[in-house]
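Descriptive analysis of the structure
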Amino acid sequence: MATFLSGGTGTPKLLDGALSIFSPAETTVVGNTGDDVELGGLLVCPDIDTVLFQQDDELNRETWWGIADDTTETHDELLRLAESAGLDDGPRYLPDDQQTAGRKIASWRRFSGVAEFMLLGDRDRAVHVTRTGLLDEGNSLTETTRVLADAFDSPLDIVPMSDDPVASIIHTPEGELHFQEFWVARGGDPEVTDVEFRGADDAEASSAALSALTEEPVVIGPSNPVTSIGPMLAIDEVREALETATVVAVSPFVEDRVFSGPAGKLMDAVGYEPSTAGVAEAYPFVDAFVLDEEDSTTLDRPVVRTDTKMDDAADAERVARAVKEAIEEAKAMEIA
C-alpha cells in the first residue's frame, strides 16, 4: 500500500512506472488543488486531471496537460470572438467582490472566460463541465473526483487534498498573481517575493486524503516543493500526518540543478536554497530520499541513488524501484 502526493508533472511521471512496483488497487494519489482555477464558470483542476487522463492513457504526454489529440474549436472561437469584439486577452480576473461570491471551492481564483488564457481542449472542457455540474448538485470535490476517476477507469484512488479552497498566490513587485497567471500566462517571468497559500489556515484535509496519509508509506515525487507540494503542507492536518508516517521523497534537483519548471525560483523566494539540500530542509518530515546518481549532496537521512531522469515508463520504473528501496531503508531505521 502506498500514497503518492501529486502536483505538477514530477509525481505523474513517476506514476508511469510505479504501478509495476506498487499495487494499483492499494495505491492512492492525493492531488494538489492549490493550482485550480475557475475559468468561465468551470472549475479546472490541472493536477488532478493530469493523473485522471494518465490512468486512462488519454494524457497528452508532450505537454503533461490535457487530453492527447484533443480538438480546440471552442477555445479558438472564444479567442476569435474576443478579437472581433476588441476585448483584451490575457488573464481577466473577476472583480474582488466576486472572488468569494460563488461556489466556495473556487474562492480567490475566479477568471472570466473571455479570451480564456488557458488552453482547454473540447474533450478536456467536457470534464470541467461535468465536474462543475456535480459540484453544483451538492457533491464534494472528493466525491466528484472519484466519479470522474471511475469514468476514466482509473485503477487508483484519486482524491483531492481538501474539499476546501486553497489558492496558490504568487507575490511580485507588481502585485499578486494566481499561480496559473504567473506560470501559464506569464511564463514564470515575474520576480517573486513570496508565495501564499490563501485559505490554507482554514482548510481541512479531505477525509479521504487524511485516511490515505495514515496508511504508510507516503511517496513524494520530484514535484515542485513550493507550488505543487506546498499547498498540501500548508494544511495543518496534512503536515501533522506526514510527521508520523514513513515518507520518501525524490528530489527534483541534481544538487543545485532543477530538472524543469520554476521550482528553483520559487524556493529561493520563500527562503530555501534552490537545491537538493534546500528540498531536505523544506521536507523535515521525510525519512529517506531518492537522489540522482550524480548528486553528491550529503543528507542526515538515508539516501538511495539512481538515475532520476524520467523520459519514459522504463525510467520511471527504475526510479520507483529506488523509491521502494528507500522505503525499506526508512522502515529499517525506524525499527532500529
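Residues numbered from 1 in each chain as written. Predicted model: local features only at pLDDT ≥ 70, side-chain atom pairs only at ≥ 80, totals over all residues. Heavy atoms only, no water.

Once that is clear, we can look at the environment of Val258. With respect to the helices and strands, Val258 occurs in strand β13 (residues 257–258). Along the backbone, Val258 and Asn224 are 34 residues apart, and their C-alpha atoms lie at a distance of 9.4 Å. Apart from the residues lying within four places of it in its own chain, the contact partners of Val258 are Pro252, Phe253 and Ala263. (Helix = DSSP H or I, 4+ residues; strand = E, 2+ residues; numbered from the N terminus. Contact = heavy atoms within 4.5 Å.)

Turning our attention to the sheet that holds strand β1 (residues 2–6). Taken together, seven strands build an open sheet; the order of strands is β6-β2-β1-β10-β11-β14-β15 and the sheet is parallel. The sheet terminates laterally at β6 (157–160) and β15 (303–306), the two strands that pair on one side only. Shown here is a sheet whose adjacent strand axes are inclined to one another by a mean of 20°, direction ignored. As defined by bridge partners, β1 adjoins strand β10 (residues 218–220) across three bridges and the pair is classed as parallel. From the neighbouring strand, Thr3 faces β10, where its bridge partner is Val218. Across the sheet, helix α1 (residues 10–18) touches β1, β2 (27–31), β10 and β11 (247–250), and the angle it forms with β1 is around 150°. This element, helix α12 (residues 313–335), spans β10, β11, β14 (288–292) and β15 of the sheet and lies at about 165° to β15. (Pairing = 2+ DSSP bridges. Axes fitted to C-alpha atoms, helices over the stretch in contact; angles between N-to-C directions.)

Moving on: helix α4 (residues 122–136). With 15 residues, α4 should cover 21 Å at 1.5 Å per step; its first-to-last C-alpha distance of 21 Å lies within 8% of that length. Among the residues of α4, Asp124, Arg125, Val127, His128, Arg131, Thr132, Leu134 and Leu135 are the ones counted as buried. Contacts made by the buried residues of α4 are with β4 (42–44), α2 (46–55), α3 (73–85) and α5 (141–151). Gly138 occupies a position one or two residues after α4 and carries a positive phi of about 110°. (Expected span 1.5 Å × (residues − 1). Buried < 20%, exposed > 50% of the residue type's maximum accessible area, 1.4 Å probe, protein only.)

In this section: the nonpolar core. Core analysis: the biggest nonpolar cluster contains 46 residues, and Leu5, Ile220, Leu242, Tyr283 and Phe289 have the highest contact counts within it. Among the elements that take part in this core, helix α10 (residues 263–269) stands out by supplying four residues, more than any other. Excluding residues within four positions of it along the chain, Leu242 makes contact with Leu5, Leu213, Val218, Leu233, Val247 and Phe285. Phe22, Ile105, Val127 and Ala288 belong to the second largest nonpolar core, which has 42 residues in total. (Core = buried A, V, L, I, M, F, W, Y, C linked by side-chain atoms within 4.5 Å.)

This part covers the packing of aromatic side chains. For the structure shown, the criterion picks out six aromatic pairs. With centroids separated by 4.9 Å and ring planes inclined at 50°, the aromatic side chains of Phe111 and Phe117 adopt a geometry described as tilted. What makes Phe111 buried here is its relative accessible area of 2%. Exposure remark for Phe117: the relative accessible area of 13% places this residue in the buried category. Grouping aromatic residues by their ring pairs yields a cluster made of Tyr93, Phe111 and Phe117. (Phe/Tyr/Trp six-rings, centres within 6.5 Å; stacked < 30°, edge-to-face > 60°.)

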